[in-house]
Amino acid sequence: MNNPVLNVKAVCKDFGGVRALDEAELSVNDKEIVALIGPNGAGKTTFFNCITGIYTPTSGDVLIDPAAKGQAVRINGKKPNVVTELGMARTFQNIRLFPSMTALENVMIGTHCRTKASVWGAITRNKATREEEQAVIKRSYELLQLVGLDEFVNELAENIPYGKQRRLEIARALATDPFLLLLDEPAAGMNPQETKELEALICQIRDQFGISIMLIEHDMKMVMSMSDRIYVLDYGRMIATGTPQEIADNPAVIKAYLGEDDDA
Amino acid sequence: MEYFLELLLGGLTRGSIYALIALGYTMVYGIIELINFAHGEIYMIGAFTGLIVAGLLTMLGFPGASILAIALICAVIWSAAYGYTIEKVAYKPLRGAPRLSPLISAIGMSIFLQNYVMLSQTSDFLPFPELIPEFGFLKEYNSVMSSSELVIVAATILSCIGLTLFIKFTKLGKAMRATAQNRKMAMLVGINVNMVISATFIIGSSLAAVGGVLIACHVGQINYYIGFIAGIKAFTAAVLGGIGSIPGAMIGALVLGLTEAFATGYVSSDYEDVFAFSLLVLILIFRPAGIMGKEKTQKV
Amino acid sequence: MSNLTQETSQQSFISFFLTAGCDSVAHAVKKSFIVAIWFVFLTFPIMVIQVNTIEKTVVWHWNKIGYVAIAVFFGSFLWRWLLARKELKKDESTEETRIEGLLTRIQSHPLLKLASLGVLALAAILYPQVFDLYQTNIMVSCLVYIVLGLGLNIVVGLAGLLDLGYVAFYAVGAYAYALSNMHWGIGFWFALPLGAVLGTLLGLLLGFPVLRLRGDYLAIVTLGFGEIIRLVLENWGDITMGPSGISNIARPGFFGMKMSIMDSTIYMYYIMIGLVIFTIFCVNRLQNSRIGRAWLALREDEIACQAMGIDKMKTKLLAFALGATWAGMAGVIFAAKTTFINPASFTFWESAMILSIVVIGGMGSIRGVIAGAVILILVPEYLRNFAEFRMLLFGAIMVLVMVFRPQGLISAKRKIYKYEASNTASAANE
Ligand SMILES: Nc1ncnc2c1ncn2[C@@H]1O[C@H](COP(=O)(O)OP(=O)(O)OP(=O)(O)O)[C@@H](O)[C@H]1O
Ligand SMILES: [Mg+2]
């Protein structure tokens, strides 16, 4: 039970001479909601990119253990699609939907790595393919309902309101059937009401699907109320970790956020 | 040994011409990330303009050297005008369109220009008048180096130096570098990006026109199709050196010219173009950033 | 009353047309005038002066100045108007044109659809009976281009990979049949699948290293490959017979029957009709499948696509190889149809031609590609004295289409996935 599903060990990432991540350590336990916070430019998104295979870490290890049974697999250096197939799905800070595909199609894309209709199946449209297609449509629709977007099923993604696009990204990520969902600033650009609803949705997803969730977020109220544990990143370094209460009381964290005062 | 020298100089000459064309590709790519497919056609139009002007002047009885100078100037003026116009017509309306759109537009433009010249002029090879006089001091070395080769290499070196100084020290040159690095930022600090793009096309086209006239003098004949092959080869040179990099284009062009010269000289002349294309394919597969280019990671 | 509004709307249209992108009519005229002068200057040496350096003669075509000036003067109004209209209609880009609307209406009405399909089928069957050998032959070429266009459409239109060396696979199919027929007497019906398989294999082989490249590099590399293949065909005389090509290639046989040229052309025609139907069927099903969706997504955003678990290389490779499959088949047919092939049939122009069919017709649109092939192949055939302007116009139209109508003549129409109402209702009740 206490085996983490994600275990990141001493990951570094350099861009030219800039060290965006410096020996970052982090772990996520089964069915946990973990938040990653830090000032702008701290390297949070880079951290996501490194563990999902979009960037290859300069050094360090990323280990996953989907079943939390102590059988960790090393995944750094693997391609993003392989990582997703292994069960880590993400959303993007600057929304990356497929703009000229419908909401439903966007979610259907998420099921791609869990389905297997081939060229042959596509052309002959045999029974297995038809059934698979039906199941995909059904599941995608249900996911859209879950995130409250069923009224937009056949709307092009680019025509959906901004806040809802973030929800659509979550549905699309869920369609890949992950054990760990990574959300990059899911509440960015949302009003307090929407943020609240989003918080409820994230908790519901955790309970309903029994998966772990890790999120990057700047909205402290949301982070404090919903996370089990929080990690704080500053200049690429994990400077603190603990429960929301511990983080709120941690002087290093306060310094990182209000650093300018002390430096002066 | 003499054969080797001859090949070496032949390679240098080729490389010089490729460099003059490759600079245009690389500059345009550096600024708007577009492979200006029609650039080879600009070179061809430069050669044709040079031929027309030179033909007229010869008939009017002008002396040789002045003909070359006037023909070069006219070729530069008109090629630059074509380059400028092409950008305005075929690329500018497509800023912000999906990446494939301007590329297809460029291919269309290239097809159009080739046929435009073919229909207006001729589809046959046209003999190009001999404009470069035989230099007396080169007589003894005639077997290894002709005067036109010397002129080409010298003109290329001068153009490259001029361009480098221009980019480095003039205001427009600095604006170009800034735009190449970050177009949005350049716009924010008040650089007239449209003008910079136009200037890039004009400079690139002018260099190609110089190349077109000189190679036409050297080879002695032109047709509407010369831009296509030369264009692809110059593009190869640009990629070889690292597209977007000006010194890279020069180095890439030299490497390509020499490779071609030695490969055709020592291996087989039937497969002349195959060497260039194979080199292109190999570089793109194994080192798409080229000799001088830097690998870029896309920011997510 | 209604007459009046019509009049005013007409008036406003005219004034919009005249002043699009300008402050006033006078400004517009001045602008057009300047543009016309500019183009006269631009085209002056190349269009007006023809020198012959050997005979030392000069021919001046002064009249062309006039044509250019007039055409550009009026054309520039049109240009500005089209640009302004595009700006205005930016938000309504999904709006259908009248022809598209008609097609949609026909398709959504089962009876109409059946009737129109019936008419089409009848026309296709009767065509060689009604028209003569010459016409049938042209139609066969057109059908070959439809197949090629639909094949390239998988690569360019569906997967968004710009392949400028498509003709290489076409050449491979043609030479595979020509050579195997010459050396081992292999027949058409055996060569057809062989061509398809060879096309696929070559597609995989070439695609594997190059598909990692970014879009525009891919275009150039494929162009390079296409040229390499052609140059090899030209220079490797021992095997390919060099530039003189291979002649006396067998036409398709029909159970060993001897056929006249007329009969075998008609036979070829029906084979092509069959192949076109087969191709449409396959492409249509592919684009509405799991794979088709992945292609589309890949075209829109590669990074998001990979993050959603799609194997970029594999998906692209699939498109590339499938496109090549059809080119291989078309190559076999081309060789069988002309009974003579040489490398000159497989130049870059051929690739450019097929690409213009796809682009002008409408990338990703089956109906568009068919319309593109019919227009681009048949029209120049019938307007003989305009044939020499063919590539000139194709080039110009490619630019114009990209600038003003990137979706092509007939835009792609995608399947709308429906979630059954009953299920929806029950799900809503939960
Ligand atoms: N592809 C890249 N190339 C070069 N530098 C990069 C790249 N990606 C990120 N960086 C740099 O790494 C640092 C961390 O960036 P990152 O996007 O991870 O920050 P962040 O914590 O997500 O900030 P924000 O809260 O603004 O999203 C920044 O200085 C950024 O400029
Ligand atoms: Mg970020």
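Residues numbered from 1 in each chain as written. Chains lettered and ligands numbered in written order. Predicted model: local features only at pLDDT ≥ 70, side-chain atom pairs only at ≥ 80, totals over all residues. Heavy atoms only, no water.

Peer 1: So what about the overall build of chain C? Which residues, and what values?
Peer 2: For chain C, the helix and strand inventory stands at 18 helices and two strands. Counting only C-alpha atoms and orienting by the principal axes, one finds that chain C spans roughly 90 × 75 × 50 Å. In chain C, which comprises 430 residues, the share counted as buried stands at 52%. For chain C, contacts bridging at least 24 residues in sequence account for 76% of all contacts bridging at least 6. Counting only carbon and sulfur atoms, one obtains 68% of the accessible surface of chain C, whose full area is about 20,000 Å². For chain C, the centre of its 33 positive side-chain charges and the centre of its 25 negative side-chain charges are spaced 2 Å apart. (Helix = DSSP H or I, 4+ residues; strand = E, 2+ residues; numbered from the N terminus. Buried < 20%, exposed > 50% of the residue type's maximum accessible area, 1.4 Å probe, protein only. Contact = heavy atoms within 4.5 Å. Areas by Shrake-Rupley, 256 points an atom, 1.4 Å probe, with all protein chains shown as cover. Lys, Arg positive; Asp, Glu negative; His and termini not counted. Charge placed at Lys NZ, Arg CZ, Asp CG, Glu CD.)

Peer 1: An account of a nonpolar patch on the surface is requested, with residue identities and associated values reported.
Peer 2: Residue and element names in this part refer to chain C. A surface patch of nonpolar side chains, about 560 Å² in accessible area, is lined by Tyr134, Val374, Ile375, Val379, Tyr382, Leu383 and Leu409. Examining the composition of the nonpolar patch, we find that four residues originate from one element, helix H16 (residues 366-382), more than from any other. Within the secondary structure layout, leucine 409 lies in the loop between helix H17 (390-404) and helix H18 (421-429). (Patch = residues over 30% accessible without salt bridge, like charges linked within 9 Å, V, L, I, M, F, W, Y side chains within 5 Å. Salt bridge = Lys/Arg side-chain N within 4 Å of Asp/Glu carboxyl O.)

Peer 1: Describe helix H9 (residues 226-241) of chain B, naming the residues involved and giving the relevant values.
Peer 2: In a regular helix each residue adds 1.5 Å, so 16 residues correspond to 22 Å; H9(B) covers 23 Å between its end C-alpha atoms and thus fits that length. Just downstream of H9(B), Gly242(B) is the residue with a positive phi angle, here 110°. (Expected span 1.5 Å × (residues − 1).)

Peer 1: Report on the site of ligand 1, specifying residues and quantitative values.
Peer 2: Close to ligand 1 lie 15 residues, the nearest being Gly41(A), Lys44(A), Thr45(A), Thr46(A) and Gln93(A). In this structure ligand 1 sits where residues from chains A and B come together. With respect to ligand 1, the backbone of Lys44(A) contributes an N or O atom lying 2.8 Å from an oxygen atom. Glu185(A) places a polar side-chain atom, nitrogen or oxygen, 3.4 Å from an oxygen atom of ligand 1. Computed on the free molecule, ligand 1 has an accessible area of 630 Å², of which 74% lies beneath the protein chains in the complex. Top contributing element to the shell around ligand 1 by residue count: helix H1 (residues 44-51) of chain A, with three residues. When grouped by side-chain class, the residues that make up the shell around ligand 1 number four nonpolar, eight polar and three charged. (Near = heavy atom within 4 Å. Polar contact = N/O pair within 3.5 Å; in protein donor to acceptor, adjacent residues only side chain to side chain. Nonpolar A, V, L, I, M, F, W, Y, C, P; charged D, E, K, R; others polar.)

Peer 1: Hey, could you go over the sheet that holds strand S1 (residues 6-15) of chain A for me, with residue numbers and the actual values?
Peer 2: The strands making up a sheet associate through hydrogen bonds between their backbones, and the pairing can be parallel or antiparallel. Residue and element names in this part refer to chain A. Ordered by their spatial adjacency, four strands build an open sheet running S2-S1-S4-S5, and the pairing between neighbours is antiparallel. One side of each edge strand has no neighbouring strand; the edge strands of this open sheet are strand S2 (18-28) and strand S5 (73-74). Both S1 and S2 contribute to a ladder of seven bridges, which runs antiparallel. Paired with leucine 6 across the bridge in S2 is valine 28. Sitting on the sheet, H1 touches S1, S2 and strand S4 (59-64), and the angle it makes with S1 is about 115°. (Pairing = 2+ DSSP bridges. Axes fitted to C-alpha atoms, helices over the stretch in contact; angles between N-to-C directions.)

Peer 1: Tell me about the pattern of salt bridges, and name the residues and values.
Peer 2: On inspection of all chains with the given rule, the structure shows 21 salt bridges over all chains. The closest approach of N and O atoms between Arg19(A) and Asp14(A), which form a salt bridge, is 2.8 Å. Taking the relative accessible area as the measure of exposure, Arg19(A) reaches 39% and is therefore partly exposed. The residue Arg14(B) makes a salt bridge to Glu260(B) at a minimum N-O spacing of 2.5 Å. Of this pair, Arg14(B) sits in helix H1 (residues 2-32) while Glu260(B) sits in helix H10 (residues 246-266), and the two are 246 residues apart along the sequence. On the accessibility criterion, Arg14(B) (23% relative accessible area) is partly exposed.

Peer 1: If you had to explain the confidence of the model for chain B to someone new, which residues and values would you point to?
Peer 2: Confidence in the prediction of chain B, expressed as mean pLDDT, is 86, and 95% of residues score 70 or more. When mean pLDDT is taken per element in chain B, helix H3 (residues 64-91) of chain B scores highest with 92 and helix H11 (residues 272-286) of chain B scores lowest with 81. (pLDDT = per-residue confidence, 0-100.)

Peer 1: An account of the packing of H1(B) against H10(B) is needed here, citing residue identities and associated values.
Peer 2: The angle between the axes and the distance between the axes are what describe a pair of packed helices. Residues and elements named next belong to chain B. Interhelical geometry of H1 versus H10 gives an angle of 145° and a closest axis separation of 6 Å. In the crossing of H1 with H10, the sense of the turn from one axis to the other is right-handed. Residue composition of the contact of H1 with H10, by class: 20 nonpolar, six polar and two charged. (Left-handed = near helix turned anticlockwise from the far one by under 90°.)

Peer 1: Any chance you could break down the coordination of the magnesium ion (ligand 2) for me, citing the residues and the numbers?
Peer 2: Residue and element names in this part refer to chain A. The coordination sphere of the magnesium ion (ligand 2) contains the protein donors Thr45 (OG1) and Gln93 (OE1), at a distance range of 1.8 to 2.0 Å. Highlighted residues: threonine 45 in helix H1 and glutamine 93 in the loop between strand S6 (88-90) and helix H3 (103-110), separated in sequence by 48 residues. Taking the relative accessible area as the measure of exposure, threonine 45 reaches 17% and is therefore buried. (Donors = N, O, S within 2.8 Å, 3.2 Å for Na, K, Ca; no water.)

Peer 1: Describe the state of the cysteines, listing the residues and the values that go with them.
Peer 2: Scanning the model with the defined rule gives zero disulfides over all chains in all. Looking at the unpaired Cys113(A), the closest cysteine sulfur is the one in Cys305(C), lying at 11 Å. Free of any disulfide, Cys217(B) has its nearest cysteine sulfur in Cys74(B), 14 Å distant. (Disulfide = S-S within 2.5 Å.)

Peer 1: Give me the lowdown on the interface of chain B and chain C, citing residues and values where you can.
Peer 2: Interfaces are often sized by the accessible area lost when the parts come together. Of the residues lining the interface, 63 residues belong to chain B; the matching set on chain C comes to 62 residues. Contact with chain C buries surface across chain B, with Met59(B), Ile104(B) and Ile111(B) losing the most and accounting together for 11% of the total. In this assembly, chain B and chain C are joined by zero salt bridges. Remark: the boundary between chain B and chain C carries seven residue pairs in polar contact (both at pLDDT 80 or more). Those elements that place two or more of their residues in the side of chain B that touches chain C are helix H2 (39-59), H3, helix H4 (100-120), strand S1 (126-127), H9 and H11 of chain B. Broken down by element, the residue count for the side of chain B that touches chain C peaks at 16 residues, all from H4(B). The class makeup of the residues in the side of chain B that touches chain C is 46 nonpolar, 13 polar and four charged. (Buried area = accessible area lost by both parts, 1.4 Å probe.)

Peer 1: I'd like a rundown of the confidence of the model for chain C, residues and numbers included.
Peer 2: Predicted confidence across chain C gives a mean pLDDT of 84, with 92% of residues reaching 70 or more. Listed scores for the predicted complex are pTM 0.86 and ipTM 0.89.

Peer 1: With reference to specific residues and values, describe the packing of aromatic side chains.
Peer 2: Residue and element names in this part refer to chain B. Here the structure, examined in full by the defined rule, presents 35 aromatic pairs over all chains. Consider the rings of phenylalanine 4 and phenylalanine 262, whose centres lie 5.3 Å apart with planes at 25°: the pair is stacked. One end of the pair, phenylalanine 4, is in helix H1; the other, phenylalanine 262, is in helix H10, with 258 residues separating them in the sequence. For phenylalanine 4, a relative accessible area of 34% puts it in the partly exposed group. Measuring from centroid to centroid gives 6.1 Å for phenylalanine 262 and tyrosine 266, while their planes differ by 5°, and the two rings are stacked. (Phe/Tyr/Trp six-rings, centres within 6.5 Å; stacked < 30°, edge-to-face > 60°.)

Peer 1: Explain the nonpolar core to me, and be specific about the residues and the numbers.
Peer 2: Looking at soluble globular proteins, one finds that nonpolar side chains tend to be buried together. In this structure, Phe37(B), Leu162(C) and Ile341(C) are the most contacted members of the largest nonpolar core, which totals 235 residues. Apart from residues lying up to four places away in sequence, Leu162(C) is in contact with Leu100(B), Leu103(B), Ile104(B), Ile107(B), Val156(C), Leu218(C), Ala219(C), Thr222(C) and Leu355(C). (Core = buried A, V, L, I, M, F, W, Y, C linked by side-chain atoms within 4.5 Å.)

Peer 1: Lay out the sheet that holds S6(A) in plain terms, naming residues and giving numbers.
Peer 2: Residue and element names in this part refer to chain A. Ordered by their spatial adjacency, six strands build an open sheet running S6-S7-S8-S3-S9-S10, and the pairing between neighbours is mixed. Pairing within the sheet leaves two strands with one partner each, and these edge strands are S6 and strand S10 (237-242). Pairwise comparison of adjacent strand axes, ignoring direction, gives a mean angle of 20° for this sheet. Contacting S6 and strand S7 (180-184), helix H6 (residues 162-174) runs over the sheet at an angle of about 155° to S7.

Peer 1: Describe the pairing of strand S8 (residues 212-216) of chain A, with residues and values.
Peer 2: The side chains of a regular strand alternate between the sheet's two faces. All names here are of chain A. With five of five residues buried, S8 is to be regarded as a mostly interior element. The alternating pattern of S8 places Ser212, Met214 and Ile216 on one face and Ile213 and Leu215 on the opposite face, and all of these are buried. In this sheet, S8 lies alongside strand S3 (residues 33-37) in parallel orientation, the contact comprising four bridges. Within S8, the position partnered with isoleucine 33 by the bridge is isoleucine 213. The pairing of S7 with S8 spans five bridges and is parallel. Counted as the bridge partner of leucine 180 is serine 212 from S8. Of the crossover connections in this fold, the one passing from S7 over helix H7 (residues 192-209) to the parallel S8 is right-handed. (Right-handed = clockwise from strand over helix to strand, strands pointing away.)

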